[in-house]
Amino acid sequence: MRISRLAVSAGATLAGLATSSLAFASNKNGPTDGDIGFQRSVTPVMDAITSFNNYWLVPIMIAIVVFVTVLMIYIMVRFREKANPVPSKTTHHVGLEVAWTLIPVVILAILAYPSMKLLYFQDVIPESELVVKVTGDTWNWEYSYPDHENIDPYVSSIVDIATADKFGLSHAQIIAKIDARPADEPRLDGRPYLFASDAPLVVPVDTVVKVLVTSNNNIHAFAVPQFGVKIDAVPGRINETWFKVHAGEEGTYYGQCSEICGINHAFMPIEVMVVSKDEFKRWAANGGSFAVQISQNTGSGALAISSNTVQ
Ligand SMILES: [Cu+2]
């Protein structure tokens, strides 16, 4: 009787934790201090991942944790030395062994169905309206738009200060130092350090974007949590994935290289700027720039780089 009351209260506590973890899911973009849920979803794939986690995995995990905890407590109380002076000599119980083998098999089989459905949903790319190519490098990302010949491939690097200047500085001091730069140098401008780049990937909202991912050197991974995108960038191979940001979700989304790739792995952020379809058209027609470029420097590499820098 006491045990069953204990089970009910443990269950209630864990169910409360689960609902609060759902409630903890941030409504902001990007990672937020104190978050314990996933980042807010903005694509159909991430919607499916979030539901699979919240409505299948978390409830099943909670049920298992509650069951095992209650069983452990029951065994510790019921079979303690005082209450059970003559211990049982049983070593095998066929029924029990069959049960603890079959029940996990059934749980995994039940999980396999929605899991496979989700994998195929991620894997099969719908008819794409835009293709972007992402190339991992040591240590930054290069973006190109094979559909738009007028947009030169451009490199997207972290907004940072030199490693030598960072020595002994706190996170906040590094941010202050970057923000103190002249306005014409890459600055954070309110964006998070280790996520902000000097040239984000620009894509239109409500559009199926096919992403081709490869690498120039070692293995990286292109990952944007709010899109449900994470795919390895492997040299000599092109991996494909896709995302479609929901209408009305224009904004800036962040990710980071997610396959440990070397000394500056932590310093190759992914910043994706999602703009309206019209704004993207203008950006693309303008050679990959939001600003009208006035440059004295004609016909050199410097122009190509500056015209791709998002102003
Ligand atoms: Cu990396």
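Up top is the structure.
Before going into details, it helps to say that this report is about the structure given with it. (Residues numbered from 1 in each chain as written. Predicted model: local features only at pLDDT ≥ 70, side-chain atom pairs only at ≥ 80, totals over all residues. Heavy atoms only, no water.)

**So, the pattern of salt bridges**
And step 1. Scanning the model with the defined rule gives 7 salt bridges in all.
And step 2. One salt bridge in this structure joins D160 and K166, with 3.0 Å as the shortest N-O distance. As far as the burial class goes, D160 and K166 line up, both buried. (Salt bridge = Lys/Arg side-chain N within 4 Å of Asp/Glu carboxyl O. Buried < 20%, exposed > 50% of the residue type's maximum accessible area, 1.4 Å probe, protein only.)

**Quick notes on the sheet that holds strand β4 (residues 201-204)**
And step 1. The strand order across the open sheet formed by 3 strands is β4-β10-β9, and the pairing between neighbours is mixed. Bordering the open sheet on either side are β4 and β9 (251-256), each of which pairs with just one other strand. This sheet shows a mean twist of 25° between the axes of neighbouring strands, independent of strand direction.
And step 2. Both β9 and strand β10 (residues 269-275) contribute to a ladder of 6 bridges, which runs antiparallel. By the bridge assignment for β10, T252 is matched with M273.
And step 3. Packed on one face of the sheet, helix α6 (residues 277-285) meets β4 and β10 and runs near 130° to β4. (Pairing = 2+ DSSP bridges. Helix = DSSP H or I, 4+ residues; strand = E, 2+ residues; numbered from the N terminus. Axes fitted to C-alpha atoms, helices over the stretch in contact; angles between N-to-C directions. Contact = heavy atoms within 4.5 Å.)

**Points about the coordination of the copper ion**
And step 1. The copper ion binds to the protein through C257 (SG), E259 (O), C261 (SG) and H265 (ND1); the donor distances cover 1.9 to 2.7 Å.
And step 2. For the copper ion, the 4 donor atoms in the first shell make angles of 87 to 129° at the metal, so the coordination geometry reads as tetrahedral.
And step 3. For C257, a relative accessible area of 5% gives the class buried. (Donors = N, O, S within 2.8 Å, 3.2 Å for Na, K, Ca; no water. Tetrahedral: all angles 85-135°; square planar, octahedral: opposite > 155°, others 65-115°.)

**Examining the side chain of T43**
And step 1. With respect to the secondary-structure elements, T43 resides in the loop between α1 (2-23) and α2 (44-78).
And step 2. Residue classification places T43 among the buried residues on the basis of a relative accessible area of 1%.
And step 3. With residues near it in sequence (within four places) discarded, T43 still touches Q226, F227, G228, F243, K244, V245 and H246.

**Remarks on the pairing of strand β2 (residues 140-144)**
Remark: a regular strand shows side chains that alternate across the two faces of the sheet.
And step 1. Of all 5 residues in β2, 4 are buried; the element is thus mostly enclosed.
And step 2. With 5 bridges joining them, strand β1 (residues 130-137) and β2 adopt antiparallel strand pairing. What sits directly across from T135, in β2, is E142.
And step 3. Inspection of the sheet shows β2 paired to strand β3 (residues 154-156) by 3 bridges, in the antiparallel sense. In the strand pairing of β3, Y143 is matched with Y154.

**Focus on the packing of aromatic side chains**
And step 1. Inspection of every chain in the model, using the stated rule, returns 12 aromatic pairs.
And step 2. Consider the rings of Y74 and F79, whose centres lie 6.5 Å apart with planes at 90°: the pair is edge-to-face.
And step 3. Residue class for F79 comes out partly exposed when judged on its relative accessible area of 45%.
And step 4. Chaining the aromatic ring pairs together yields one cluster made of Y143, Y145, Y154, F280, W283 and F290. (Phe/Tyr/Trp six-rings, centres within 6.5 Å; stacked < 30°, edge-to-face > 60°.)

**Section: α2**
And step 1. Counted at 1.5 Å a residue, the expected span for α2 with its 35 residues is 51 Å, and the 50 Å between its end C-alpha atoms agrees.
And step 2. In the structure, α2 departs most strongly from a straight axis at N53, where the bend amounts to approximately 35°.
And step 3. Buried within α2 are the following residues: V45, M46, I49, T50, F52, N53, N54, V58, I62, V66 and V70. (Expected span 1.5 Å × (residues − 1). Bend = angle between axes of the 7 residues up to and from the residue.)

**As for the packing of α2 against helix α3 (residues 94-123)**
When two helices pack together, their arrangement is given by the angle between the helix axes and the distance between those axes.
And step 1. Put simply, α2 and α3 touch, their axes get as near as 10 Å, and they point 170° apart. The orientation of α2 with respect to α3, classified from their angle, is roughly antiparallel. For the pair α2 and α3, the contacting residues are P44, V45, A48, I49, F52, W56, L57, I60 and I64 in the first and I107, I110, L111, P114, S115, L118, F121 and Q122 in the second.
And step 2. Partitioning the contact of α2 with α3 into residue classes produces 15 nonpolar, 2 polar and no charged. (Parallel < 35°, antiparallel > 145°, perpendicular 65-115°, else oblique. Nonpolar A, V, L, I, M, F, W, Y, C, P; charged D, E, K, R; others polar.)

**Re unusual backbone geometry**
And step 1. Geometrically, the link from T138 to W139 is a cis peptide bond, its omega value of -5° lying close to zero.
And step 2. Relative to the assigned elements, W139 resides in the loop between β1 and β2.
And step 3. The phi angle at L194 is positive, at roughly 80°, despite the residue not being glycine.
And step 4. Tracing the chain through its elements places L194 in the loop between α5 (171-179) and β4.
And step 5. Unusually for a residue other than glycine, D206 sits at a positive phi of about 55°.

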